[in-house]
Amino acid sequence: QVQLVESGGGLVQAGGSLRLSCAASGRTFSDYGMGWFRQAPGKERRFVAAISRSAPISRGADITDYADSVKGRFTISRDNAKNTVYLQMTSLKPEDTAVYSCAARPPGNYGTDPAVYYYWGQGTQVTVSS
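Note that this is a predicted model, so its numbers are computed, not measured.

Draft legend 1. Region of interest: unusual backbone geometry. Within the chain, asparagine 83 stands out as a residue other than glycine whose phi angle is a positive 50 degrees. With respect to the helices and strands, asparagine 83 occurs in the loop between strand 7 (74-79) and strand 8 (84-89). The backbone of serine 91 sits at a positive phi, close to 50 degrees, despite the residue not being glycine. Turning to its location among the elements, serine 91 is positioned in the loop between strand 8 and strand 9 (98-105). Judged by relative accessible area, which is 40%, serine 91 ranks as partly exposed.

Draft legend 2. Examining the packing of aromatic side chains more closely. With the rule as written, the count across this model stands at 5 aromatic pairs. Ring geometry for tyrosine 32 versus tyrosine 119: centroids 6.1 Å apart, planes at 65 degrees, classification edge-to-face. Here the residue tyrosine 32 occupies a position in the loop between strand 3 (18-26) and strand 4 (33-39), and tyrosine 119 occupies one in strand 10 (residues 119-120), the gap between them amounting to 87 residues. Accessibility expressed as a relative area gives 6% for tyrosine 32, which makes it buried. The buried category is assigned to tyrosine 119, whose relative accessible area is 17%. One Lys or Arg, arginine 45, reaches over the ring of tryptophan 120 and ends 3.9 Å from the middle of that ring. It is arginine 78 that lies over the ring of phenylalanine 29; its NZ or CZ is 4.5 Å from the centre.

Draft legend 3. Region of the structure containing the state of the cysteines. According to the stated counting rule, one finds 1 disulfide in the structure shown. The disulfide partner of cysteine 22 is cysteine 102, and the gap between their sulfur atoms is 1.9 Å. Given an S-S torsion of about 50 degrees, the disulfide between cysteine 22 and cysteine 102 has right-handed geometry. Taken together, the residues cysteine 22 in strand 3 and cysteine 102 in strand 9 connect sequence positions 80 residues apart. On the accessibility criterion, cysteine 102 (0% relative accessible area) is buried.

Draft legend 4. Focus on the pattern of salt bridges. Scanning all chains against the criterion turns up 3 salt bridges. The closest approach of N and O atoms between arginine 73 and aspartate 96, which form a salt bridge, is 2.8 Å. With arginine 73 in the loop between strand 6 (64-66) and strand 7 and aspartate 96 in the loop between strand 8 and strand 9, this pair connects stretches of sequence that are 23 residues apart. Residue classification places aspartate 96 among the buried positions, given a relative accessible area of 1%. Connected through salt bridges with shared partners, the residues Arg38, Arg73 and Asp96 form a single ionic network.

Draft legend 5. Just the side chain of serine 101, in detail. Considering the arrangement of structural elements, one finds serine 101 in strand 9. Ignoring any residue separated from it by four or fewer positions in sequence, one finds serine 101 in contact with Glu6, Gly35, Trp36, Phe37, Trp120, Gly121, Gln122 and Gly123.

Draft legend 6. Up close: empty space enclosed by the protein. Scanning the model with the defined rule gives 1 cavity of 30 Å³ or more in all. Considering only enclosed or pocket space, the largest cavity measures out at about 30 Å³ in volume. The wall of the largest cavity is formed by Val2, Ala24, Arg27, Thr28, Phe29, Tyr32, Met34 and Ala104. For the lining of the largest cavity, the residue count by class is 6 nonpolar, 1 polar and 1 charged.

Calculation criteria
Residues numbered from 1 in each chain as written. Predicted model: local features only at pLDDT ≥ 70, side-chain atom pairs only at ≥ 80, totals over all residues. Heavy atoms only, no water. Helix = DSSP H or I, 4+ residues; strand = E, 2+ residues; numbered from the N terminus. Buried < 20%, exposed > 50% of the residue type's maximum accessible area, 1.4 Å probe, protein only. Phe/Tyr/Trp six-rings, centres within 6.5 Å; stacked < 30°, edge-to-face > 60°. Lys NZ or Arg CZ within 6 Å of the ring centre and 35° of its normal. Disulfide = S-S within 2.5 Å. Salt bridge = Lys/Arg side-chain N within 4 Å of Asp/Glu carboxyl O. Contact = heavy atoms within 4.5 Å. 1 Å grid on protein atoms, 1.4 Å probe; cavity = no way out; pocket = protein on both sides within 12 Å on 5 of 7 lines; lining within 4 Å. Points joined across faces, edges and corners; volume = space filled by probe spheres on them. Nonpolar A, V, L, I, M, F, W, Y, C, P; charged D, E, K, R; others polar.

So, in structure tokens, the structure goes:
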């Protein structure tokens, strides 16, 4: 079992920045791929960004993936020492307004489909004003 708690959401003007954090507890954090998803009112949950489980040193950097709508603006990262995954969001737009949730993908699961993520946080609201 993995417990996830997000923080860092809030109200920001268009063009501004926010950093979301997701603190994990439970199983070995570094073994899990992590993702961020968002859901706007009346819309389905959408993939935002993902980062692979931590690779051994010999295999290089973690692998990241982004939705086209956030590429170049959002950056996902993880700090295994702190059991935390981050989503740095810059150049925010009103269409980025949503509830953002982090999720954990167990070893052996891959991809950006929400179905492969077994553990979810409660979400944090991000509102971007124009």
